[in-house]
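Structural description and commentary
Residue strings, one per chain:
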Amino acid sequence: KVTNFNMTIDQQLGNQTTIPIREILQSKWFDNVPLLIEDELPLKSAISFANSEALTLQNAIRVAIVLVKAFAECCEYGSFSRRVDSVSLDDVFVNLSDCCEVDVSDKEPNDVTKSLTDLKNKPNPDDTTTKNTTSLKAPVEDILRTGFFSSFDDKAADVYEAFFAKCANVKSNDGTQVDHSGDTVGIELGLGYFTRLNHASENQEGPSEIPHEDSTARESSRNIETNPATTHKTLLGVDIISPTPVNQGNLNQKNGFDDTQKFQVLGWLLYSVFSKGSYPPSQYYPSNLNLQLTDDDIDTKIGLSDRFAGRKSKSSRPAEKTIFYYLLNSNSYPVSICRFLSDMIDIGPKGKASDPFKSFDEITDDLKHMKDQPHLFLYDFPRISGGSVPSSLLFGRQYHGRTKELTQFLDIPTRLERQHSVRAEAVFVSGRAGSGKSHLVNTCGDFLSTQGWIVVSEKFERDVEHKSQSVVCSLFNKIVAMLIRMKLGRNQQDIEYSDGVVRALESSLDHNSLCSLAEYLPDIQDLIEGVIIKRSSFVEANLSHWKLVFLLTEFTTALLRSNRPIMLIMDDLQWADSLTLNLVLRDLLGALGERINSHNFLLAGLYRDDWVLSEHPLYSQLERIRESRNVNVTEILLSTFSKTDLSEMVAAELRLPTRVVSDLSDFVHKKTSGNILFAVELLNSMVRDSIIYFNLKSRRYDWHWDIALSVKTGENVAGFIVTTLSSLPQETLQVLRILSCFGFHVELSVLDLLESSSVASNCGFRAPLLHLVDIGVIEMAGGLITFSHDLIQKCIYDGIELAARHNLHYDIGTFLGFKASPALAAPHVEAVQIDMSQVYISDSKQSAESNVSTKSLLSIAVDHINHAGPEFITQQQQRVTFAAWNFLVGKELSSRSRFGCALHYYEEGIRFLGIGKWINDIITDGRQLCLGLYEGAAAACCAIGKDAMTAYYANFIFQNVSPENSLPAWISLFSSLESSGKHMEIVEKGIKLICHFNINISRDPPNPAAIMESMAAAVASASHFKIDQIVEMYQNRSERKMQNIFKIYNAISVAAYSLSSPYLPLLTFDFVRYSLKNKFCTTETAVAFASFGLFNIYLIQDYAAGKYWANIVLDMLKKARARSAYVRAKWIVHGHIMIWFIPLKTTVKNLFRTYQLGMKIGDFNNSMYPLVLSSSYALFEGENLALLSQSFNGNLKMMMKYNIACAKFAVIDKDMIDTLRGEDTNPFSIFEGLYANDEDLINHAQEENNMNLLEYIYLRRFILSFWKGDYENAETCAKVALSFPSAKWPKLLSMYFSFFRGLIAFQRYRETQSEEQLRNGIESICKFEVWVNLSPANFENKLTLLNAEQQASLPNIKQAKVLYKASIESARDNGRVHEQGLAYEMMGKFLLSVSNESTQAMECLEKARTCYNQWGALGKAEILCRQYGLAADDSKLRDDSLKRDRSS
């Protein structure tokens, strides 16, 4: 329905192919419809409806469009060969109805429906052939015959009926009835308006009929009643003269209108529409056209009403006797209307029109531009006194053209809003530099932001790849700034949205995680109360990447939960470093794609396709993301700007019709080859040089063609920019050069500081900046100065001579550095010790007004110094000072986890000192600066995965610094080696290193006696402390050296654990003694204490001591900040100690919580260990195998991403689960051919000397053989598993190994009567008798079943049956359906061997099968059926299981 009366019908109805009659007639466009057709149609009467009070300028333009189309059809009966049906009924009738109104408020909608239904279903009574007049589009007569027009007077009704009767009875020249429905009716309606005009040539003779050989003309004429004896056609009793027939050679003959006269006749008609029936004085009529108008037809009193935009007429006569100036000086019309009418009327040999029309299409295009874009094409430049021009003209600010690409882009958010997409969306827009990528995407972003979207954008910069991560953080921090503005605003919906995001963040992230998020998004402190920035340390560097991935994923997910779609725009991706591309496109986008509500997320990436070749990191990322199943990818390639688009842009900016600017736009397109940036710069240069100027006389923009044709553009846009800008005043050009030294943008506050420096000109910065804004070179918004395109910045910068460039950078850098803090001018040692709060211009927060990050003044200064380079600075003392500046910036960035950026500054500082040089021979204590730079570089390299460079920087430190002073470098090196899987190297180097700290560990492999002796000493040391005393030690923050020593221990112990090295217990005991002796505890100490508790259980079976130390660790961790060692200590306690004391279900939950905690802090690597254990323990606890299988699928993908070592363990469990389920899924495919099966993993583990993995594989083979009933193979696997050193470790697998081994032993004993088997069974019972006292829930049913098997082996039938039943009940009560089934199976097997018990035995076996099916172990159930001949409906069982799987 029509709701906005300033919009056109076409705009409101969109893409509808049919217009509902009911909606049209119910709209207000039909209020008060006047009489449209009378018996005779003189010119003024024909447009009498245009004189109504309701006619606005916009409606007059709509009427004009219809009249032009109909007039063109009328003329083309004898002049052209276009098809009549090119004008549709909708064009004629609906557009006419735009300005016609009838009151239908008292009509019922049902009346309309009934009337129309009757018309469609009944034949036309006026049609002698009873031909039905219905069509796909509503014929005019159908509408006019409805009850809505019953209020017309009789005369009007008669006229309408006569009109339709003639239409119904029209016959063609061959006498056949003609179909009058559809478009032709509209054409004939239009013809009625021009009958009077055609009388002007009524006395001219023409052919008796239209030649039949012209089929198109014949088709055009068939709808009009034709009298062969005359040249007249009759419509409503009015004669119409046929002009000259179709013959190009006759166009200029005297017996018909020529082209000029056609346009003039139409011009006068349209003049009458816009003037509401008035005419100018006769002296303005063209001499070549005799209209034969009477005095009554001429209104010399222009006296037009003020209905068009409140205009008032003037009686003064124009200076020139032309239609244009007459209309212009009447002050009653927009200038564009004056020009439009003049270009139709004041034409011909003596015409004075500036741009005469050449076709009816040009006329229609002009009118459509006025109708659709009145703000441009009906715009009047203000009359400015003194002859000055209007406001400055600047091309490139508004969006024009590329409709196809714009539509393709906006289709994506449309899909998201309509929820037609269930996945995240990514769109990549590529093209050459200057192709308009940013303009396209930002235009779409601006539009979406008005529709409730959260839209933010950032741009990567050339030659500063090290700041790529900061760009991403700035992007998300802009969202936080938006949330703060919403929170403080008055819009209730925005306030609720901001509060909802805060609640979602607080529910998904704990306080520590929110503080970690503030490291990257500092404005989060102002959004959420109580959040403060907690600085990172070097030792946590390896967690930074995944921590950021997790935090940004949770942050974005919290935003998406509040049901506002988000669009992130990342421009110039080709300048981003590989780590940032991994962060955004691989990790963040991949993680969001897996979230349920990711369908509200859109990432827009822009890049230059000529830069992204096969070796570029973005190329491989795009290849990978195209294959993603979680993200919909759309790619848009922008080619050169088309001539049509460029013409529309020029027309819109100059506010002139496209026909007027076509020559200019074609010239520009040819010169620039369609590069839109090039075209914009060329056009703006023509404005600056006054080639394009404002013509005050004609009130329009004009251009000097002779000068334009001589413009030199060069070969490319870069050269042209340099050439054109070189003509600027020297002071302005110098300011532009200074701006280019800052890069793509700079804050205005920084330039204000430079006002007092030597680089500033006498006129300062403000005036030149405003001039640069006026000419479109730069933009200023929110205190930020930005180049309009980075090509302009690069061209200016590259144009500065090298020496002058270095001088500029040096002067700017030193001035800003000393401005930041006078202390920075001091010697380098003092500079290193400066508090960074003294040298920052702000706290690096984001300005809510400017939406840009406020950089530190020192980092800006250092950037300039680094661009000048050490080669430009000759004094060694200055080099050392600038190296110290770089160290300060790098250190600050490291504390905010910006390690990639920090590495750049550390390496720049090293470059100032001299690569490979140590400066302790240059200045006292210079080694402190060197050490800081190299340590920082090593830690940063470790954080971003540059293992080779980590080793290089660390080894350089080892060569120049003692072990006591190089511990941070060792930590970085060990962390790097761990990520590479080089555990043996860590243990070997670590043992040598700790000997320097009075921790004497023999380098020879330790023997059992040495291990027990060391343990006894540790126990003795611990006996002097109570539990609360040890916990309190955590508060004692000792020197950093001791903290680093324990970090070294943690690194070595991790490697030793992976190798099952005998050094691990020795390291644990010695470090426990070291910690207690120095009364020093850290999170790393908690790992040693946890391991100590584990070895109490393992070596001396002191379970109470193990639990004692586990509780100490848990109490300590309550005070600790979550980080890597925290996660490790927790999973040792829950995964290896507390399993003996608490129900296994609780252990599974605790391990999963530990996994979640590790993910929150970004310790993705260590988080995978508790995830593996929780999944494995869930299997032993009896979790449904279908659920477990699904869970393992997701877990394996995660482990492959974060910790492939854990994936090797998990895939063994997944393989066993699928085998028990009777499925063949090949879980090893996750390795993509690297390992095809467990045999490949065994070979790999043997090569890596990975004893833990080897033991794990053989233990799983043992357990699987047991479930299959293959006891012989199980025993073989057991022997191999026991041969590995790691088999002696107490763990859950050891518990189940003892359980299954005991059951096998008693089964085998009954078969072989082997005393050894009996002893093995009894040995298992003895172990469980100890364990059952620790946790009855975990061990009771297992011990009872072992006892039942022992009694069955004696044999003691009665007691065995009692114990079997007790085991079944205990397993059932503890929710272990798989062990309940096992007890039934063991009991059934035993009873089969007892006479007269076969019936009960089969009942037990049936129940066992039922339990296995409930467990999801269909494969095991099938084995049971085969072994004992159980009758089973396999298909039903499998179907039931599948149903359970699906419901799960």
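In case you missed it, the structure is sitting above this.
This one's a predicted model, so the numbers in the text were calculated from it and none came from an experiment.

**Focus on the packing of helix α56 (residues 1251–1268) against helix α57 (residues 1271–1282)**
Running from amino to carboxyl end, α56 crosses α57 at an angle of 160°, the nearest separation of the two axes being 8 Å. With respect to each other, α56 and α57 are oriented roughly antiparallel. Crossing hand, α56 versus α57: left-handed. From α56, Glu1255, Tyr1258, Leu1259, Arg1261, Phe1262, Ser1265 and Phe1266 reach across to α57, where they touch Tyr1271, Asn1273, Ala1274, Cys1277, Ala1278, Val1280 and Ala1281. Grouping the constituent residues of the contact of α56 with α57 by class yields 10 nonpolar, two polar and two charged.

**Remarks on the pairing of strand β7 (residues 601–608)**
Extensive coverage of β7 is indicated by the burial of eight of its eight residues. Judged by which residues are buried, β7 turns out to be covered on both faces: Phe601, Leu603, Gly605 and Tyr607 on one side and Leu602, Ala604, Leu606 and Arg608 on the other are all buried. The sheet contact formed by strand β4 (residues 424–431) and β7 spans seven bridges and is parallel. Considered in β7, the bridge of Gly431 is made with Arg608.

**A word on unusual backbone geometry**
In this structure, the amide linkage connecting Leu1354 to the following residue, Pro1355, adopts the cis form with an omega of -5°. Its location among the elements puts Pro1355 in the loop between α60 (1336–1353) and α61 (1357–1373). With phi around 60°, Gln1313 is a residue other than glycine that occupies positive phi space. Tracing the chain through its elements places Gln1313 in the loop between α58 (1292–1312) and α59 (1315–1334).

**Quick look at the packing of α58 against α59**
Viewed as axis vectors pointing N to C, α58 and α59 meet at an angle of 145°, and their least axial separation amounts to 8 Å. Both α58 and α59 take part in a crossing whose hand is left-handed. Together, Met1295, Ser1298, Phe1299, Arg1301, Gly1302, Ala1305, Phe1306, Arg1308, Tyr1309 and Thr1312 of α58 and Glu1315, Gln1317, Leu1318, Asn1320, Gly1321, Ile1322, Ser1324, Ile1325, Lys1327, Phe1328 and Trp1331 of α59 make up the contact between the two elements. Of the residues assigned to the contact of α58 with α59, the class counts are 10 nonpolar, seven polar and four charged.

**Overview of the nonpolar core**
Judged by nonpolar contacts, the single largest core of 395 residues is most densely connected at Phe274 and Leu654. A per-element tally of this core places α56 first, with 12 residues. If we skip the residues at most four places from it in the chain, Leu654 touches Phe381, Leu393, Phe395, Val661, Leu664, Ile692, Tyr701 and Trp703. Ile412, Cys444, Leu606 and Leu638 belong to the second largest nonpolar core, which has 18 residues in total.

**A few points about the pairing of strand β6 (residues 566–571)**
For β6, the buried fraction is high: six of the six residues fall into the buried class. Both faces of β6 are covered, namely the face carrying Ile566, Leu568 and Met570 and the face carrying Met567, Ile569 and Asp571. Relative to β6, strand β5 (residues 454–459) is paired through six bridges, and the arrangement is parallel. Residue pairing for β6: Ile454 is matched across the bridge by Ile566. Looking at chain direction, β6 and β7 are connected through five bridges and run parallel. Bridge pairing links Met567 to Leu602 in β7.

**Re the environment of Asn1252**
Mapped onto the elements, Asn1252 comes out in helix α56. Each C-alpha atom of the pair Asn1252 and Pro1285 lies 8.5 Å from the other, and the pair is 33 residues apart in sequence. Other than its neighbours up to four places away in sequence, Asn1252 contacts Tyr1057, Ser1058, Ser1060, Phe1209 and Ser1286.

**What about the pattern of salt bridges?**
Under the definition given, this model contains 39 salt bridges. Asp1115 is the salt-bridge partner of Lys1118, the closest N and O atoms lying 3.6 Å from each other. Among the residues examined, Lys1118 registers a relative accessible area of 68% and is labelled exposed. According to the relative accessible area criterion, Asp1115 is partly exposed, its value standing at 29%. Taken together, the salt bridges that share partners define one network made up of Lys459, Asp571, Asp572, Arg608 and Asp790.

**Describing the sheet that holds β7**
Ordered in space as β5-β6-β7-β4-β8, the five strands form an open sheet in which the pairing is parallel. With one partner strand each, in any of the chains shown, β5 and β8 (631–638) form the two edges of the open sheet. On average, each strand axis in the sheet is tilted by 15° relative to the strand beside it, whichever way the strands run.

Procedures and definitions
- Residues numbered from 1 in each chain as written.
- Predicted model: local features only at pLDDT ≥ 70, side-chain atom pairs only at ≥ 80, totals over all residues.
- Heavy atoms only, no water.
- Axes fitted to C-alpha atoms, helices over the stretch in contact; angles between N-to-C directions.
- Helix = DSSP H or I, 4+ residues; strand = E, 2+ residues; numbered from the N terminus.
- Parallel < 35°, antiparallel > 145°, perpendicular 65-115°, else oblique.
- Left-handed = near helix turned anticlockwise from the far one by under 90°.
- Contact = heavy atoms within 4.5 Å.
- Nonpolar A, V, L, I, M, F, W, Y, C, P; charged D, E, K, R; others polar.
- Buried < 20%, exposed > 50% of the residue type's maximum accessible area, 1.4 Å probe, protein only.
- Pairing = 2+ DSSP bridges.
- Core = buried A, V, L, I, M, F, W, Y, C linked by side-chain atoms within 4.5 Å.
- Salt bridge = Lys/Arg side-chain N within 4 Å of Asp/Glu carboxyl O.

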